[in-house]
Amino acid sequence: MDLIEGLSGYLFDGRYDRDHADLPKLLSTPAYAPRRGLSWMDGARQSYANMRDLAAATGPPSSVNGDVHRLCALHEWMGVVDPAAVGIMSVHYNLCAASLANLAQRPQDVADLLADVDSMRAIGLFLATETTSGNNLAAIRTRATYDAATDEFVLDSPDHTAYKIMSTTGLPGLARVGVVIARLEMPGIEPALHAFAVRLATESGPTPGVRVIPLSRGITMDMDYALTGFHGVRVPRRHWLPGPGEDADPRTTRPGFWQTLDCLKLGRMLLAGAALAESRAALAITVRHSLDRMTQGGRGRQVPAMVHRNHNDVLIRLIGRAYAATGLMNTAKNLWAGGVAEPHRTLVVNTVKVLASYTALDTSSECRERCGAQGLLLHNRIAEYVGLAHAAVTAEGDNQVLALAIAKQLIADQRFTTGSSPAPTEVPGLLAFRTRALADQSRASMADPSHTDPFDAWNAATGHARDAALAHCAEQAHLSLLAGATAADGPARTVLDVLARHHGTSLVLDHADWYLVHGLLDPAGWHELTAQADADRLVLVEHAEALVDAFGYTPQLLATAIGTPTPDEEQIPC
C-alpha cells in the first residue's frame, strides 16, 4: 500500500468505495464548476438545479436519510463544489424530509408532501429561528391556534419581529414545503412549541397567508434568504407533526417539536462535515499553489512559496488539524450509526460540530490569505468556503452556545476531575489535564458563596467553562488522530505518527503560558517541544503534497485556475 492510499484509508475510514467513490465523477462536470458572470439569483437557481441533479443520480432523500455515512458523504462532496447547494440540501434532506417521515401521526398524513420533497418537485425547509430571538428557540412567538370547527390549526406571526429568518424562500418560481415551529395556544393548556408541515409556496408564488420578504445574499454564497411570516395560514390537522401515534390530541400529546432536535443534532454533523471537507479542499488548492508559486529566495534565486518557513509552518499546522478533525468526524459518524445513547450522543455531536466548524473557519481564512490576491476571487473557491464555514459556526446551534453545553456536561460528570500531573513531554496527558483543570475551575467558580443567584454563578464560570469545552474538543480530535496513526501501516503509519506528534505538540505550545503557570512545563521543556515541532515540520513539508492529494480532490473536480498543475485556457480567468 503506497503513502496516498494509506492516508486515504485513514481519512475515509475505509469506506471510500462504499460511500464516496461515485461522487467525484458525478460532480466533475461543468454544472459544478466555479461560476463566472452569473447574478446571485442565477447562481441560486443553479444551486437548486445541482441539488436536484445529485438526487436524481443518488436517490431521493428518504432513501438516503437512514444511512448517516452516505448522507454525510453527499454533503461533504457537494460542499466542495457548491457551498450554497449544500446549505439548502442539509435542510431539504435532514430537517424537512426526515421530520416529515418521522413525526407525522401516520405516514399517509404527509405522503403527498413527502412525495413532493422526495422528487424535488418542492424544496424542503425548516422554519424555527425568528428575527429577534436568534438561537433562543424558547422565545419563538409564531402562534398556532386550533380551530375545532374545521379541525385545522391557524398560524400567525404576531408582528414582523416574529417572522422566520434565514429561510431560503426568496427566489420566485419554486414550490416549497416547510416544517414550521410555532407555539400552540389552546384554552386550558400551557403553550408549547409544536411542529407543523406547511405548503409555503407553489411555482406561482407564496400560498395564501404566507408573506415573503427577500433579504440580501449571505457571505459569498448565492442563497435566497428571506423573512417569512404567517397571517391566518390554515394547516389541516393531519399536517400537525406530534410524532407517530393514532388519534393524537393537541391538549395531551407531548410536543413533537422536541423530537425534531434529533434532526438538528444530525444537521450539526452534516454542515460541519461539509465545511470541514471544504477546508480540506482549500488546503489542497493552497498547498498545490504554494508548490507552484515562485517567490524570491535571495541572491537572485526563485523558490516555491512552500519553502518559506513562515508559509509552511502555518499550512502544516492546518493539515494536522484537518486530519485530526476528520478522524473525530469519522468517530462521530460511527457512534451515531451505532445508536450511541444520550447524554453521550449530544456530547459527541456538539464536540465534533464545534471542533470541525472552527477548524474549517480557521483553515479557509488562512488559506485565503496564503493564496494572496487570487484567494479573493470566487472562481478560485476558497473565498466561498469561508462563507460556508461562517454559516456552519452559527447554524444548527451557535458554537458559543454549544461550547457551554459541552462544558455543562463535563462539569456535571464528577469523574471528570483533575488527576495527577503528567510528564512535561507526555502530550495526551497534558491535553487531558488542561481540560479537567479548567472544568475544576468552573466548578469552583460556581460554588463561590458570593453568588446567590444560579444564573450569576454560571455566568461567572463561563470563561473557564468555554475554555474547558474547547480544550476537550481539541483533545478528542487529537486522540482520534493518534488512534488512526496506530491503526495504519506502511508509509502512512510513519507519516501519520509524525503528523499526530506535531499536532499534539502544537496544541500544547499554543497554550504554553497556561502550562508554564501551572507548573507543567518549564523553559527547558518548552525548548524541547519547540525543537521537536520544528523537526517534525521539516519532515511533513516533504510529504505535504501527498497529505493533501489523499483528500481525493482532483484538479478536474476543483476546476480552479490556481492549485492546478496544468490549467487549460477555459480555467484561466479572463
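Residues numbered from 1 in each chain as written. Predicted model: local features only at pLDDT ≥ 70, side-chain atom pairs only at ≥ 80, totals over all residues. Heavy atoms only, no water.

## Here's the deal with the overall build of the protein
Within the protein, the regular secondary structure consists of 20 helices and 11 strands. Scaling as 2.2 N^0.38, a compact globule of 574 residues should have a C-alpha radius of gyration of about 25 Å, and the protein matches this with 25 Å. Once the C-alpha set of the protein is aligned to its principal axes, its extents read approximately 85 × 70 × 40 Å. When each of the 574 residues of the protein is scored for burial, the buried share is 56%. Look at the contacts in the protein between residues 6 or more apart in sequence, and 74% of them connect residues 24 or more apart. Carbon and sulfur atoms make up 55% of the accessible area of the protein, which totals about 23100 Å². Side-chain charges in the protein split into 48 positive and 62 negative, and the spacing between the mean points of these groups amounts to 2 Å. (Helix = DSSP H or I, 4+ residues; strand = E, 2+ residues; numbered from the N terminus. Rg over C-alpha atoms; globule rule 2.2 N^0.38 Å. Buried < 20%, exposed > 50% of the residue type's maximum accessible area, 1.4 Å probe, protein only. Contact = heavy atoms within 4.5 Å. Areas by Shrake-Rupley, 256 points an atom, 1.4 Å probe, with all protein chains shown as cover. Lys, Arg positive; Asp, Glu negative; His and termini not counted. Charge placed at Lys NZ, Arg CZ, Asp CG, Glu CD.)

## What about the packing of helix α10 (residues 309-337) against helix α15 (residues 454-487)?
Two numbers describe how α10 lies on α15: the axes approach to 7 Å, and their chain directions differ by 85°. Comparing their axes, α15 and α10 come out roughly perpendicular. The residues of α15 that touch α10, namely those facing Gly-320, Tyr-323, Ala-324, Ala-325, Gly-327, Leu-328 and Thr-331, are Cys-473, Gln-476, Ala-477, His-478, Ser-480 and Leu-481. Of the residues assigned to the contact of α10 with α15, the class counts are seven nonpolar, six polar and no charged. (Axes fitted to C-alpha atoms, helices over the stretch in contact; angles between N-to-C directions. Parallel < 35°, antiparallel > 145°, perpendicular 65-115°, else oblique. Nonpolar A, V, L, I, M, F, W, Y, C, P; charged D, E, K, R; others polar.)

## A short note on the environment of Phe-433
Looking at where Phe-433 falls in the secondary structure, it is placed in helix α14 (residues 427-446). Between the alpha carbons of Phe-433 and Arg-381 there is a distance of 39 Å; along the sequence they are 52 residues apart.

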